[in-house]
Amino acid sequence: MTSKKPYYVSIIQCFFDYSTVKVLVIRSMLVGTLYRLLQAVVIVYIIGYVCVWNKGYQDTDTVISLVTTKVKGIALTNTSDLGLRIWDVADYVIPPQEENSFFVLTNLNITPNQTQSRCAENPGPGSTCSSDQDCKRGLHDSRQNGVQTGRCVHFSESEKTCEVLAWCPLEKKGDPPDPPLLSEAENFTVLIKNSICYPKFSFNKRNILPHVNSSYLSQCVFDRVTDPDCPIFRLRDIAAEAGEDFQTMAVHGGVMGVQIRWDCNLDLDESRCVPAYTFHRLSIKDPENNVTQGFNIRFAKYYKNEVGKETRTLIKGYGIRFEITVFGKAGKFNIVPTLLNIGAGLGLLGLVNVVCDWIVLTMSKCNKKCQKYNAMKYEYLSNESNNYMELQ
């Protein structure tokens, strides 16, 4: 009776095991067809998707961008507060220059001739009163217009509010005019100048393409069919491409997105690297909940009257803010990603063998002919084996 080997001897023997491939040729219509079909799928994936569609043979870099804008246009208004007035770019672009964005005034509520004085606060939870005891001197709330003086005064014949030290008369309340005062803003144009760089490939370009000259810029307006290379855009066209009506949006304002995509294949001619423009609305429209919808800002124009006292005209301006986003990537042939993707593809081809082995082993459980494969696929040789000794 042979003695049982200690467990550590079995562990050591396992450590020194060596596996090698044993090639068996199986003539089977089913398995052979499946094997070639899976190989074809892997090859199509590697060549078609990885190499051609996804350009797996290229090294890539992401874009670095600079954007500047210049708006042009003139509008005419005639209101009771301001009278007949011309609005040019210095009036309706606020502030004059921003990074990757610009704001165009389209509508406004005007409160003229404000001075630093005392007046009744607008009615509200913290300002309505019946006597001076309801008003606290020196109290100032960020939701109110000034600092309370401690007096309760008439806001109207039937209503009293706390007196405040503020810019009086207080800002006019109410909805903005409809149609918008600066309805002519739809014809304003904006020149978008965009310079991009792919530092990994030392590649630079701008959206004013080499064939664009001053004469062309003086008369062109972007059109996706007739003038796709023109960097000058009409505001009405931007809204229309985003599926919006400019006049409707101009009443309360909103935010529009301008996307410039630079996807460049630097293995081709540089002239084929051109920007693609898309437009969409960023501010959400919700017909069921229109609280604080739109976009507005407040600014003032300051003056001194004939006696030297400072006055101002307060403007609550509604308008459209245009946010410009630049993105994209460039690719160029590089041997390193090419070899990595080819190596990954060869690994997938090896997986085809594993799948087919599993199918044959599964078939061997119910097919006696396939049982021979299972017996011949794996063979163990040991030091005591005659076959192993013959290898010596």
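Residues numbered from 1 in each chain as written. Predicted model: local features only at pLDDT ≥ 70, side-chain atom pairs only at ≥ 80, totals over all residues. Heavy atoms only, no water.

### A closer look at the pattern of salt bridges
Part 1 of the argument: For the structure on display, the rule yields 12 salt bridges.
Part 2 of the argument: Close ionic contact of Lys200 with Asp59 constitutes a salt bridge, the shortest N to O distance being 3.5 Å. Separated by 141 residues along the polypeptide, Lys200 in the loop between β8 (189–198) and β9 (203–206) and Asp59 in strand β1 (residues 58–62) bring together distant segments of the chain.
Part 3 of the argument: Of the residues examined, Lys200 reaches a relative accessible area of 48% and is grouped as partly exposed.
Part 4 of the argument: Judged by relative accessible area, Asp59 falls into the partly exposed class, the value being 23%. (Salt bridge = Lys/Arg side-chain N within 4 Å of Asp/Glu carboxyl O. Helix = DSSP H or I, 4+ residues; strand = E, 2+ residues; numbered from the N terminus. Buried < 20%, exposed > 50% of the residue type's maximum accessible area, 1.4 Å probe, protein only.)

### A short note on the state of the cysteines
Part 1 of the argument: Applying the stated criterion across every chain yields a total of 5 disulfides.
Part 2 of the argument: A sulfur-sulfur separation of 2.1 Å characterises the disulfide bridge that pairs Cys135 with Cys162. One disulfide, between Cys135 and Cys162, carries an S-S torsion of -95° and so falls in the left-handed class. You can see Cys135 sitting in the loop between β5 (101–120) and β6 (147–154) and its partner Cys162 sitting in strand β7 (residues 160–168), a full 27 residues away along the chain. Both residues of the pair, Cys135 and Cys162, belong to the buried class. (Disulfide = S-S within 2.5 Å.)

### With respect to the packing of aromatic side chains
Part 1 of the argument: Across all of its chains, the model carries 12 aromatic pairs by this definition.
Part 2 of the argument: Ring centres 4.9 Å apart and planes at 40° place the aromatic pair Phe222 and Phe233 in the tilted group. Of this pair, Phe222 sits in the loop between α4 (214–217) and β10 (232–234) while Phe233 is found in strand β10, placing the two residues 11 residues apart along the sequence. Accessibility classification places Phe222 together with Phe233 in one group, the buried group.
Part 3 of the argument: One aromatic cluster is present, built from ring pairs that chain together Phe222, Phe233, Tyr277 and Phe279.
Part 4 of the argument: Over the aromatic face of Trp87 sits the side chain of Arg85, whose NZ or CZ is 4.5 Å from the ring centroid. (Phe/Tyr/Trp six-rings, centres within 6.5 Å; stacked < 30°, edge-to-face > 60°. Lys NZ or Arg CZ within 6 Å of the ring centre and 35° of its normal.)

### Quick look at the pairing of β8
Part 1 of the argument: Among the 10 residues of β8, 7 are classified as buried, and the element is accordingly described as predominantly covered.
Part 2 of the argument: In this structure, strand β2 (residues 64–72) lies alongside β8, joined through 9 bridges in antiparallel fashion. Paired with Lys72 across the bridge in β8 is Thr189.
Part 3 of the argument: Two elements, β8 and β10, share 3 bridges in a ladder whose sense is antiparallel. Note on β10: the bridge partner recorded for Thr189 is Arg234.
Part 4 of the argument: Across 4 bridges, β8 lies against β9 in antiparallel orientation. (Pairing = 2+ DSSP bridges.)

### Let's talk about unusual backbone geometry
Part 1 of the argument: For the bond running from Ile94 to Pro95, omega is -15°, close enough to zero to count as cis.
Part 2 of the argument: The omega angle of the peptide bond from Cys168 to Pro169 is -5°, so this bond is cis rather than trans.
Part 3 of the argument: Even without glycine at this site, Ser202 takes up a positive phi of about 55°.
Part 4 of the argument: By the element assignment, Ser202 lies in the loop between β8 and β9.
Part 5 of the argument: On the basis of relative accessibility, which here comes to 64%, the residue Ser202 falls in the exposed class.

### Some points on the confidence of the model for the chain
The predicted coordinates should not be examined in detail at positions where pLDDT is low.
Part 1 of the argument: Scored by pLDDT, the chain comes out at a mean of 85, with 87% of its residues at no less than 70.
Part 2 of the argument: Averaged pLDDT values over the elements of the chain bottom out at 43 in helix α9 (residues 386–391) and peak at 96 in β10.
Part 3 of the argument: Here residues 385–392 is a poorly scored stretch, pLDDT under 50, and it has 7 contacts once near neighbours within four places are set aside; other chains count. (pLDDT = per-residue confidence, 0-100. Contact = heavy atoms within 4.5 Å.)

### A word on the pairing of strand β14 (residues 310–333)
Part 1 of the argument: Within β14, 17 of the 24 residues are buried, which leaves the element mostly enclosed by the surrounding structure.
Part 2 of the argument: Sheet topology places β1 next to β14; 5 bridges connect them, and they run antiparallel. Across the sheet, the residue bridging to Thr62 is Lys329, located in β14.
Part 3 of the argument: As paired elements, strand β11 (residues 254–265) and β14 share 12 bridges and run parallel to each other. The partner of Asp263 across the bridge, within β14, is Lys329.
Part 4 of the argument: Sheet topology note: the strand β13 (residues 296–304)/β14 ladder contains 9 bridges and is antiparallel. What sits directly across from Tyr303, in β14, is Thr311.

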